[in-house]
Amino acid sequence: MSVPHAPTRNWNSPNVITGIRMLLTPLCFWLVVSGGEAGAARWWGAVLFIVAISTDWVDGFLARRNNQVTDLGKLLDPIADKLLTGAALVSLSLLSELPWWVTIIILVREIGVTVDRLVRANSHVVIAAAWMGKLKTLVQAVAISLALLPLESLWGSWIVPVDVVLMSLAVVLTVLSGLDYVRTAVASRTRPSPQA
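Residues numbered from 1 in each chain as written. Predicted model: local features only at pLDDT ≥ 70, side-chain atom pairs only at ≥ 80, totals over all residues. Heavy atoms only, no water.

A.B. asks: Got a minute to help me understand a nonpolar patch on the surface in this structure?
C.D. replies: A surface patch of nonpolar side chains, about 550 Å² in accessible area, is lined by Trp101, Ile105, Val172, Val175, Leu176 and Leu179. Of all elements in the fold, only helix 4 (100-122) and helix 7 (159-187) reach the threshold of two or more residues within the nonpolar patch. The leading source of residues in the nonpolar patch is helix 7, at 4 residues. Inspection of the secondary structure puts Val175 in helix 7. Of the residues examined, Val175 reaches a relative accessible area of 37% and is grouped as partly exposed. (Patch = residues over 30% accessible without salt bridge, like charges linked within 9 Å, V, L, I, M, F, W, Y side chains within 5 Å. Areas by Shrake-Rupley, 256 points an atom, 1.4 Å probe, with all protein chains shown as cover. Salt bridge = Lys/Arg side-chain N within 4 Å of Asp/Glu carboxyl O. Helix = DSSP H or I, 4+ residues; strand = E, 2+ residues; numbered from the N terminus. Buried < 20%, exposed > 50% of the residue type's maximum accessible area, 1.4 Å probe, protein only.)

So, in structure tokens, the structure goes:
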């Protein structure tokens, strides 16, 4: 005779960590913008972004290890990432350190996917992140972290083309993963497949 497993609670430690990441977003944005090109607040904002975006790995690891994967977590985790990275991109554009077209392309993709996730969630359909979306998130995190850190004042201008390459790769992956999401979402109206 098998013993039924207790349902996984939505507000477990991985989901709380995700919630904290969402709450840190406005603070990170304010620190970067108020810090300008290389002020102390800018450094704190960059470090806070790196710490916050790193918790994405932590909550995912805890959820899998402790068998605490929930539909709420699958929904909130990518939304938290999009809020954090989106706020960071807007702050960089406001400081004229990142072209607005880059920020707009990334935001359009992320907002579109997020809206689709919310619509599907209302229909009790949850689309988890796929490998291309995860790779896109990783490259975005690295590129944005490098852009937020005012390293040019310490190491010289050679760091700029490095970040340009990384940010360009992030844009390409953002577009490709968005197209992949649309393709699979359209093809899986009756049987959704995991996407990012």
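Past the structure itself, the notes keep going.
A.B. asks: Got a minute to help me understand unusual backbone geometry in this structure?
C.D. replies: Backbone geometry follows two general trends: most residues other than glycine have a negative phi, and most peptide bonds adopt the trans configuration. A positive phi angle, close to 60 degrees, is found at Ser96, a residue other than glycine. Along the polypeptide, Ser96 turns up in the loop between helix 3 (71-94) and helix 4.

A.B. asks: Please explain the confidence of the model for the protein chain as it appears in this structure.
C.D. replies: Segments scoring low in pLDDT should not have their predicted coordinates read at a detailed level. When pLDDT is averaged across the protein chain, the result is 81; 79% of the residues are at 70 or more. At the low end of the mean pLDDT range in the protein chain sits helix 6 (residues 152-155), at 76; at the high end sits helix 5 (residues 131-148), at 89. For residues 1-7, every residue scores under 50 in pLDDT, and the model assigns this stretch 0 contacts once sequence neighbours within four places are set aside. (pLDDT = per-residue confidence, 0-100. Contact = heavy atoms within 4.5 Å.)

A.B. asks: Got a minute to help me understand the nonpolar core in this structure?
C.D. replies: Most often, soluble globular proteins keep nonpolar side chains buried together rather than apart. With 26 residues, the main nonpolar core has Phe49, Leu89, Leu98, Val102, Ile144, Leu148 and Met167 as its most contacted residues. Elements with a contribution of two residues or more to this core: helix 1 (13-35), helix 2 (40-65), helix 3, helix 4, helix 5 and helix 7. Ranked by residue count, the leading element in this core is helix 5, at 6 residues. Once residues lying within four places of it in the same chain are set aside, the contact partners of Leu148 are Val32, Arg42, Ala46, Phe49, Ala88, Ser91 and Leu92. (Core = buried A, V, L, I, M, F, W, Y, C linked by side-chain atoms within 4.5 Å.)

A.B. asks: Is there a simple way to think about the pattern of salt bridges in this case?
C.D. replies: Opposite charge on two side chains permits pairing when their charged atoms draw close. Using the criterion set out here, one finds 6 salt bridges in the structure. Among the salt bridges present, the one from Arg21 reaches Asp81, with a minimum N-O distance of 3.2 Å. With Arg21 in helix 1 and Asp81 in helix 3, the pair connects residues that are 60 residues apart, well separated along the chain. Asp81 matches Arg21 in its accessibility class, with the two residues each being buried. The salt bridge partner of Arg109 is Glu110, with a shortest N-O separation of 2.7 Å. No difference in accessibility class separates Arg109 from Glu110, as the two residues are buried. It is possible to trace a salt-bridge network through shared partners that takes in Lys82, Arg109, Glu110 and Lys136.

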